[in-house]
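Analysis of the macromolecular model
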Amino acid sequence: MNKETIIKDMTEAVKKVKDTNPMAGSITNSVTINLVANTQIATGGSAAMVYLPDEGEFLAKAGGATYINMGTLLPIYEETLPRTVEALKDAQKPWVLDPVAIGIGQFRTDMLKLFKDYKPTIIKGNASEVIALAGLWELEGGTGESQVRGVDSTNQVDEAKAAAVSLAQWTGGAVIVSGATDLVTDGSVVAESTGGSHFLGKITGGGCALGGAAAVYLTSSSPFIAALTAVSAFNVSGQRAEEKVDAPASFQTEFLNELYKASPEDIAANPFEVKGVN
Amino acid sequence: MNKETIIKDMTEAVKKVKDTNPMAGSITNSVTINLVANTQIATGGSAAMVYLPDEGEFLAKAGGATYINMGTLLPIYEETLPRTVEALKDAQKPWVLDPVAIGIGQFRTDMLKLFKDYKPTIIKGNASEVIALAGLWELEGGTGESQVRGVDSTNQVDEAKAAAVSLAQWTGGAVIVSGATDLVTDGSVVAESTGGSHFLGKITGGGCALGGAAAVYLTSSSPFIAALTAVSAFNVSGQRAEEKVDAPASFQTEFLNELYKASPEDIAANPFEVKGVN
Amino acid sequence: MNKETIIKDMTEAVKKVKDTNPMAGSITNSVTINLVANTQIATGGSAAMVYLPDEGEFLAKAGGATYINMGTLLPIYEETLPRTVEALKDAQKPWVLDPVAIGIGQFRTDMLKLFKDYKPTIIKGNASEVIALAGLWELEGGTGESQVRGVDSTNQVDEAKAAAVSLAQWTGGAVIVSGATDLVTDGSVVAESTGGSHFLGKITGGGCALGGAAAVYLTSSSPFIAALTAVSAFNVSGQRAEEKVDAPASFQTEFLNELYKASPEDIAANPFEVKGVN
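Residues numbered from 1 in each chain as written. Chains lettered and ligands numbered in written order. Predicted model: local features only at pLDDT ≥ 70, side-chain atom pairs only at ≥ 80, totals over all residues. Heavy atoms only, no water.

Moving on to the packing of helix α3 (residues 53–62) of chain A against helix α4 (residues 77–91) of chain A. The description of two helices packed together rests on the angle between their axes and the distance between the axes. Residues and elements named next belong to chain A. α4 packs onto α3 with a crossing angle of 25° between their chain directions and a minimal axis gap of 8 Å. One element, α3, and the other, α4, form an angle in the roughly parallel class. Pair α3 / α4 crosses with right-handed handedness. When α3 is examined against α4, the residues Pro53, Asp54, Gly56, Glu57, Ala60 and Lys61 are found in contact with a partner set consisting of Glu79, Thr80, Arg83, Thr84, Ala87, Leu88 and Ala91. Taken together, the residues of the contact of α3 with α4 sort by class into 5 nonpolar, 3 polar and 5 charged. (Axes fitted to C-alpha atoms, helices over the stretch in contact; angles between N-to-C directions. Helix = DSSP H or I, 4+ residues; strand = E, 2+ residues; numbered from the N terminus. Parallel < 35°, antiparallel > 145°, perpendicular 65-115°, else oblique. Left-handed = near helix turned anticlockwise from the far one by under 90°. Contact = heavy atoms within 4.5 Å. Nonpolar A, V, L, I, M, F, W, Y, C, P; charged D, E, K, R; others polar.)

Here it is as structure tokens:
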């Protein structure tokens, strides 16, 4: 996998999404559910959100990929989440796990443990969440309790690198660690993507939106390419939006605008570096 | 019903809403619940959203009309939805049904079947949803499984005309089929309204917002006038908003702004044609 | 407590929030949950929303303060709300109660009655809600059924003064009555704060956002100062936003922008008057 191939694959992934309007269903938190849907639509995909077990199963089978975000869990998820991941496994459909709020509440912990065997195709978190998930799954690089505070420096993303790699090696998919520099790994290479905006941390849901976008691209490319494409799309759109605004609410509007306007070539041209994992 | 009378009635409906700030309660999905509320407020109405059975009953009785949207169903709706439509019937209060996601999940199907006997005052859907609902209710023009994909052409709205008419004849109310050209029928005449913006399909919740607005106007006019007024308000506001923007997130902001600013005369002057159903 | 001290305390409260990024957890309605989170982040705080009982307990202990808003109640709240207020009491952590929709549904009434003994640190409502809560708690100034309609005039806020004072005397905390002029009392003095914008009443969630902001400031100051700081922040930001826009959707964006940009000195300089309660 050299940079040239990656750029070509990313260009094609974005094109395919814009051409085919693929559906990526979501089970996601109510705080940012609207932003996730609008983000997915802005990329060229289409969105559908559900709570009930048979609806989760339906979307798992009908959608090109599914986004599962662990925020604002509801009681019915005791049925919905296990049945949805089982349906994803049966249908061999890819999915994105966003382990937001990992460590809060017994049910979230139980579900995240369960998901280990269902091997989410893409895992997306900040440094703290990725380290905590690796810890929960007893993989290298993880700790029982994450010591990382915030995700604002490259350094902190680096601290999660070992956890990200071991998670990707376990799932056979890709892992995104979001931060000032974003890290994407498939367990054998690590890409670092730059750009974005500090304003993405000054609105709620920047991370959820990234997970939702990754699910859309995952309908149309490999896990690593989908993950890097989502990160690149956010970095180019975030950077462009920041140039137009001086405060977070306007940023959110401009960010979605720029995401909608970004061409396949714009997204694939966002700067990144690729290295081996060692 | 000639055009002149319709225009006069629409003008009065908008005026009455702006003067009296009527409350239209909603049971609606969590993806677009904020947009529905802000849309209802922008028209001049007031919004209230609930999940619990006795609260649904309360709003049914206390509100001028109720909006029931079938997205993101919750387990408690097994009690809330039947009790709310029963309360609406008892109180002889009008309501708007939005059969979004029809065909996904058993509970949604069961509820939509149940609603047949409760005769929603306005039914609002895209071509696909309207055809599917007519099919579920075994009315003319419906099919068990809708073949329509998307709602982007006049043609597709036309394909739903027979279903819309038979639904309106069954309920004695009105039906909206949203699309590039919107169709409104009371079962005896069909109005076609133009305008709007392609950006309404590039944000989540354009359709839900239309249903919520229809419920507000339904507090203050007949089903057909309320339905056509909501469609006209969206068409004029959508068109004005589109002139100011080049991307969907800014469009959403400007659309709500224009909806708020549109006068009764602006809304009633939006182009439409009326024909008999045959 | 003279004006000079209050201004100094407010300045420090805002500074502390901006410096320490305190977490204020919420159990809040799904209509405006995104706006509440973005408001809390704009003030400099951080947000977390939950539904489940052990997650409510977790946030009660882990957060600096908690915001409980009674909109869109869910069945699980029968466990979540009592356990969360118990955890708040055990941990001696402050919290904000927003009795929105008081009077609708039996469960809301039961919970609001229960909360009397848990003495919310700040109560925030419009005139109608404050009078109704004082009535429910059988305190002076309350009535079983509030006669106040709307909150658009100073006069109506004045009508809720006796209720606000008796609520604050009962809880030992502070009460906010929002309106054209906002009233804040700790039971011994009453502050009246002016500014804001009529557009805050033309979007959904202005009141919820104010409650969420009060919870953030409550992590870093006394109840009275936190309440007055939140009100002042909203009044200065609302006024500045209104100067830039002519419609409500743009207002919401600019309001959040201005809230983010307002300095501690800007907020503390917003006009207010303090009087004794008699």
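Once that is clear, we can look at the interface of chain C and chain B. With 25 residues of chain C at the interface, the matching set in chain B holds 19 residues. Here chain C meets chain B over a buried area of about 1900 Å², counting both sides, of which 63% is carbon and sulfur. Our count for the chain C to chain B interface comes out at 2 salt bridges. Asp246 of chain C is the salt-bridge partner of Lys261 of chain B, the closest N and O atoms lying 3.0 Å from each other. Elements represented by at least two residues in the side of chain C that touches chain B include exactly α5 (106–115) and α11 (248–261) of chain C. For the side of chain C that touches chain B, the element with the most residues is α11 of chain C, which contributes 4 residues. When the residues that make up the side of chain C that touches chain B are grouped by side-chain class, the tally is 11 nonpolar, 11 polar and 3 charged. (Buried area = accessible area lost by both parts, 1.4 Å probe. Salt bridge = Lys/Arg side-chain N within 4 Å of Asp/Glu carboxyl O.)

Here we take up the relation of the copies chain C and chain B. With an axial shift of 0.0 Å and an RMSD of 0.0 Å, the rotation relating chain C to chain B amounts to 120°. On this basis, the relationship between the two copies can be described by a three-fold rotation axis. The rotation axis passes nearest to the C-alpha of Ser30 of chain C in chain C, at a distance of 3.7 Å. Looking at the interface residues of chain C, only 4% of them are also at the interface in chain B, so each copy uses its own face. (Least-squares fit on C-alpha atoms with pLDDT ≥ 70 in both.)

Right, let's talk about the packing of aromatic side chains for a bit. Scanning the model with the defined rule gives 18 aromatic pairs over all chains in all. Arranged with centres 4.8 Å apart and planes meeting at 65°, the rings of Phe234 of chain A and Phe255 of chain A form a pair that is edge-to-face. Here Phe255 of chain A lies in helix α11 (residues 248–261) and Phe234 of chain A lies in helix α10 (residues 223–242), a separation of 21 residues in the sequence. Classification of Phe234 of chain A by relative accessible area gives buried; the value is 4%. With a centroid separation of 5.4 Å and 80° between ring planes, the pair formed by Trp95 of chain C and Phe115 of chain C is classed as edge-to-face. (Phe/Tyr/Trp six-rings, centres within 6.5 Å; stacked < 30°, edge-to-face > 60°. Buried < 20%, exposed > 50% of the residue type's maximum accessible area, 1.4 Å probe, protein only.)

Residues and elements named next belong to chain C. Read from one edge to the other, the open sheet built from 9 strands follows the order β2-β1-β3-β4-β5-β6-β7-β8-β9, with strand pairing classed as mixed. Of all the strands in the sheet, the pair left with one neighbour each is β2 (46–49) and β9 (272–276). Strand-to-strand twist in this sheet, taken as the mean axis angle between neighbours without regard to direction, amounts to 20°. Bridge count for strand β7 (residues 182–185) against strand β8 (residues 189–193) is 4 bridges, and the pairing is antiparallel. Directly across from Val184, in β8, lies its bridge partner Ala191. Along the sheet, helix α2 (residues 33–43) contacts β1 (23–27), β2 and β3 (65–69); its crossing angle with β2, the most-contacted strand, is approximately 155°. (Pairing = 2+ DSSP bridges.)

A few words now on the pairing of strand β2 (residues 46–49) of chain B. Residues and elements named next belong to chain B. As judged from the 4 bridges shared by strand β1 (residues 23–27) and β2, these two strands associate in the parallel manner. Each bridged residue has a counterpart across the sheet, and for Ala24 the counterpart in β2 is Ala47. Taken together, β1, helix α2 (residues 33–43) and β2 constitute a β-α-β crossover, and its handedness is right-handed. (Right-handed = clockwise from strand over helix to strand, strands pointing away.)

This part is about unusual backbone geometry. Of note in the backbone geometry, Asn21 of chain A takes a positive phi value of approximately 50° without being a glycine. When you line up the elements, Asn21 of chain A lands in the loop between α1 (3–20) and β1 (23–27).

What follows is about the pattern of salt bridges. Residues and elements named next belong to chain A. Summed over the entire model, instances satisfying the criterion amount to 31 salt bridges over all chains. Residues Arg83 and Glu57 are paired through a salt bridge, measuring 2.9 Å at the closest nitrogen-oxygen approach. Placement of the pair is Arg83 in helix α4 and Glu57 in helix α3, with a sequence separation of 26 residues. Through salt bridges with shared partners, a single ionic network connects Glu57, Glu79 and Arg83.

Turning next to the nonpolar core. Note that soluble globular proteins tend to have their nonpolar side chains buried in a common cluster. Counting residues in each nonpolar core, the largest one holds 298 residues, and the members touching the most others are Leu81 and Phe115 of chain A, Leu81 and Phe115 of chain B together with Leu81 and Phe115 of chain C. Sequence-distant contacts of Phe115 of chain A, defined by excluding residues within four places in its chain, comprise Ile68, Met70, Leu81, Val85, Trp95, Leu97, Pro120 and Trp137 of chain A. (Core = buried A, V, L, I, M, F, W, Y, C linked by side-chain atoms within 4.5 Å.)

The next thing to look at is the sheet that holds strand β7 (residues 182–185) of chain B. Residues and elements named next belong to chain B. Taken together, 9 strands build an open sheet; the order of strands is β2-β1-β3-β4-β5-β6-β7-β8-β9 and the sheet is mixed. Lying at the two open borders of the sheet, with one neighbouring strand each, are β2 and β9 (272–276). Taking the axes of each pair of neighbouring strands and ignoring which way they run, one obtains an average angle of 20° across the sheet. Looking at chain direction, β1 and strand β3 (residues 65–69) are connected through 4 bridges and run parallel. For Ile27, the partnering residue across the bridge sits in β3 and is Ile68. The sheet strands contacting helix α3 (residues 53–62) are β1, β2 and β3, and the helix crosses β1 at an angle near 150°.

Attention now moves to helix α4 (residues 77–91) of chain B. Residues and elements named next belong to chain B. Here α4 contains 15 residues, and its C-alpha end-to-end distance of 20 Å stays within 8% of the 21 Å for a straight helix at 1.5 Å per residue. Turning to α4, its buried residues are Tyr77, Thr80, Leu81, Thr84, Val85, Ala87 and Leu88. For α4, the arc enclosing every buried residue in end-on projection is 155°, short of the 170-degree limit, so these residues lie on one face. Facing away from the buried surface of α4 by more than 90 degrees, the exposed residues are Glu78 and Asp90. Where the residues of α4 are buried, they touch β1, α3, β3, β4 (95–98) and α5 (106–115). A positive phi of about 50° marks Gln92, the residue just after α4. (Expected span 1.5 Å × (residues − 1). Arc of directions from axis to C-beta.)

This brings us to the confidence of the model for chain A. Residues and elements named next belong to chain A. When pLDDT is averaged along chain A, the result is 95, and 96% of the positions lie at 70 or above. Across residues 148–153 the pLDDT falls below 50, and counting only partners more than four positions away or on other chains, this stretch makes 15 contacts in the model. The ipTM value of the predicted complex is 0.95, and its pTM value is 0.97. (pLDDT = per-residue confidence, 0-100.)

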